[in-house]
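# Geometric and topological summary
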Amino acid sequence: MSLPLDISRLRAEYPRAVRDVTRFVTPERQEVIARHNPGLHPSRTNLTRYLEASERRYVRAAELFNQHAWSGQVPLRALDVGGFLGAYPLTLRRLGLSVTLAEVYGYYGGALDDLREFLVSEGIEVWDVDFTEPLDEP
């Protein structure tokens with residue numbers, strides 16, 4: 001039985017996903033994003049470098065998944081909670097997984113609306129939900 005996540009393909013695909021999502025982030029848009037999170041202001045954070053550096057942790061997560069979690073009995077499906085720019089969910093989708101991204105793009109003042117549309121067009125289901133907020137009581 002082959003492993004579900006091909007790490008060499010993930011390493012090859014992730015940089016392309018980073019390029020694809022960061023084309024939606026101009027300095028002007030990043031200033032709008034920073035209204036929600038000041039640490040993301042372009043004077044403080046290079047989002048391309050952040051995503052590039054994240055490849056290592058995503059590869060490790062995939063390795064751990066291959067090692068411990070996959071039974072081969074059910075189709076693979078991924079949920080990324082708070083995936084923000086969506087480079088990892090996009091990579092997983094391009095590797096053939098069904099992917100859901102939970103992210104409230106409304107927090108970013110319209111700066112990432114077209115990124116959201118792009119991710120959906122790539123086959124990613126986007127849930128407009130913030131799991132850090134309390135659940136409504138019935």
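Our subject in this report is the structure included herewith. (Residues numbered from 1 in each chain as written. Predicted model: local features only at pLDDT ≥ 70, side-chain atom pairs only at ≥ 80, totals over all residues. Heavy atoms only, no water.)

## Quick word on the pattern of salt bridges
Applying the stated criterion across every chain, the model contains 7 salt bridges. A salt bridge links Arg94 to Asp20; the shortest N-O distance between them is 2.7 Å. With a gap of 74 residues between them, Arg94 in helix H4 (residues 87-94) and Asp20 in helix H1 (residues 7-22) connect regions that are remote in the sequence. An identical accessibility class is assigned to Arg94 and Asp20; each is buried. Notably, a salt bridge pairs Asp114 with Arg29, separated by 2.7 Å at the nearest N-O pair. Placement of Asp114 in helix H5 (residues 113-121) and of Arg29 in helix H2 (residues 27-33) is noted, with a sequence separation of 85 residues between them. By relative accessible area, which is 27% here, Arg29 ends up partly exposed. (Salt bridge = Lys/Arg side-chain N within 4 Å of Asp/Glu carboxyl O. Helix = DSSP H or I, 4+ residues; strand = E, 2+ residues; numbered from the N terminus. Buried < 20%, exposed > 50% of the residue type's maximum accessible area, 1.4 Å probe, protein only.)

## Observations concerning a nonpolar patch on the surface
Nonpolar side chains collect at one region of the surface, where Leu79, Val81, Trp127 and Phe131 lie side by side and expose about 380 Å² of accessible area between them. Its place among the elements puts Leu79 in strand E1 (residues 77-81). Take Leu79: its relative accessible area is 46%, and that puts it in the partly exposed class. (Patch = residues over 30% accessible without salt bridge, like charges linked within 9 Å, V, L, I, M, F, W, Y side chains within 5 Å. Areas by Shrake-Rupley, 256 points an atom, 1.4 Å probe, with all protein chains shown as cover.)

## Thoughts on H5
Of the positions making up H5, those classed as buried are Leu115, Phe118 and Leu119. End-on, the buried residues of H5 take up no more than an arc of 100°, which puts them together on one face. Seen from the buried face of H5, the exposed residues on the opposite side, beyond 90 degrees, are Glu117 and Ser121. Tucked into the core, H5 has its buried residues touching H1, H4 and strand E2 (98-102). In the stretch just after H5, Gly123 is the one whose phi turns positive, near 100°. (Arc of directions from axis to C-beta. Contact = heavy atoms within 4.5 Å.)

Note that every value here comes from positions in space, so none of it alone points to a role or purpose.
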